[in-house]
Amino acid sequence: MNKETLKKNLREIPDFPKPGILFYDVTTLFKNPECLQGMIDELYEIYKDKGITKVVGIESRGFILGGALAARLGAGFVMARKPGKLPAETIEETYDKEYGTDTIQIHKDAIGKDDVVLLHDDLLATGGTMAATYRLVERCGAKQAFVNFVIELKGLDGRKAFPENVEVTTLLQL
Ligand code: PRP
Ligand code: MG
């Protein structure tokens, strides 16, 4: 996927959710058919030969491409959700966010020891949300785990949140 096309279609909203923050709105990438297909195609090319058995998408903006990619890869899809949303037994991790603290949960039986997992979300800011989700996947004993984001905010150095051996890919670096 052409990075300039992605950049051109990404909406920027100044002072959201609070003054001084420039918000990158991926809904405009999801809305554009060329961008939506292009991102799925690019992700498929990166991960098609990795033996991925489960894609974990993080609520809520990680569900969109996560689900599409899982179907394309012939993998299962697992939801990482905010507290109180999943109906069966869960495990959880709490983490620091750009604007406070938060907790993320997955079903305890969502991932097993034979799974090769791709964790996906729309945006790498501090990396806190994804690092917590990565810990959940590790606790499930997954064989291997890869990490992907659509957008990486380079200035925040979010890659530091992951162990060095974790392969992290991003489609657009800002
Ligand atoms: C945003 C974004 C990522 C996360 C990135 O989600 O979609 O999930 O924050 O921040 P981090 O790298 O500092 O952890 P948000 O919690 O705003 O929820 P949403 O996806 O449901 O809009
Ligand atoms: Mg999110």
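Above this text sits the structure in question.
Remember, predicted model here, so these are calculated numbers, not experimental data.

Visitor: Would you explain the packing of aromatic side chains in this entry?
Guide: Each aromatic ring pair is described using two quantities: the centre-to-centre distance and the angle formed by the ring planes. The full count for this structure, using the stated rule, is four aromatic pairs. Ring centres 5.0 Å apart and planes at 85 degrees place the aromatic pair F16 and F23 in the edge-to-face group. Here the aromatic rings of F149 and F162 are separated by 6.3 Å at their centres, their planes lie at 50 degrees, and the arrangement is tilted. With F149 in strand β8 (residues 144-152) and F162 in the loop between β8 and β9 (168-173), this pair connects stretches of sequence that are 13 residues apart. A single burial state applies to F149 and to F162, both of which are buried. Here the basic side chain of R72 rests over the ring of Y44, its NZ or CZ set 4.6 Å away from the ring centre.

Visitor: How should I be thinking about the site of ligand 1 in this particular structure?
Guide: Lining the immediate environment of ligand 1, one finds 13 residues, of which D121, D122, T126, G127 and T129 sit closest. Contact between ligand 1 and D121: an oxygen atom at 2.5 Å from a side-chain N or O atom of the residue. Within the complex, 84% of the 500 Å² of free accessible area of ligand 1 lies under protein. Going through the elements one at a time, β7 (116-124) and α5 (128-139) are the ones with two or more residues in the shell around ligand 1. The leading source of residues in the shell around ligand 1 is β7, at three residues. Here the residues of the shell around ligand 1 are counted per class, giving two nonpolar, five polar and six charged.

Visitor: What should I look at first to understand unusual backbone geometry in this one?
Guide: Trans peptide bonds make up the majority, and among non-glycine residues the majority have a negative phi. Along the chain, F16 connects to P17 via a cis peptide bond; the corresponding omega equals 0 degrees. Considering the arrangement of structural elements, one finds P17 in the loop between β1 (11-14) and β2 (22-25). Cis geometry is adopted by the peptide bond preceding S60, which originates at E59 and carries an omega value of -10 degrees. As for its placement among the helices and strands, S60 is situated in the loop between β3 (54-58) and α4 (63-73).

Visitor: Sorry, what's going on with the environment of I151 here?
Guide: For I151, the location among the structural elements is in strand β8. Residue classification places I151 among the buried positions, given a relative accessible area of 0%. As a C-alpha pair, I151 and T5 span 146 residues in sequence and 13 Å in three-dimensional space. Those residues within four positions of I151 in sequence are excluded, and the remaining contacts are L10, V26, D122, L123, L124, L172 and L174.

Basis of the calculations
Residues numbered from 1 in each chain as written. Chains lettered and ligands numbered in written order. Predicted model: local features only at pLDDT ≥ 70, side-chain atom pairs only at ≥ 80, totals over all residues. Heavy atoms only, no water. Phe/Tyr/Trp six-rings, centres within 6.5 Å; stacked < 30°, edge-to-face > 60°. Helix = DSSP H or I, 4+ residues; strand = E, 2+ residues; numbered from the N terminus. Buried < 20%, exposed > 50% of the residue type's maximum accessible area, 1.4 Å probe, protein only. Lys NZ or Arg CZ within 6 Å of the ring centre and 35° of its normal. Near = heavy atom within 4 Å. Polar contact = N/O pair within 3.5 Å; in protein donor to acceptor, adjacent residues only side chain to side chain. Areas by Shrake-Rupley, 256 points an atom, 1.4 Å probe, with all protein chains shown as cover. Nonpolar A, V, L, I, M, F, W, Y, C, P; charged D, E, K, R; others polar. Contact = heavy atoms within 4.5 Å.

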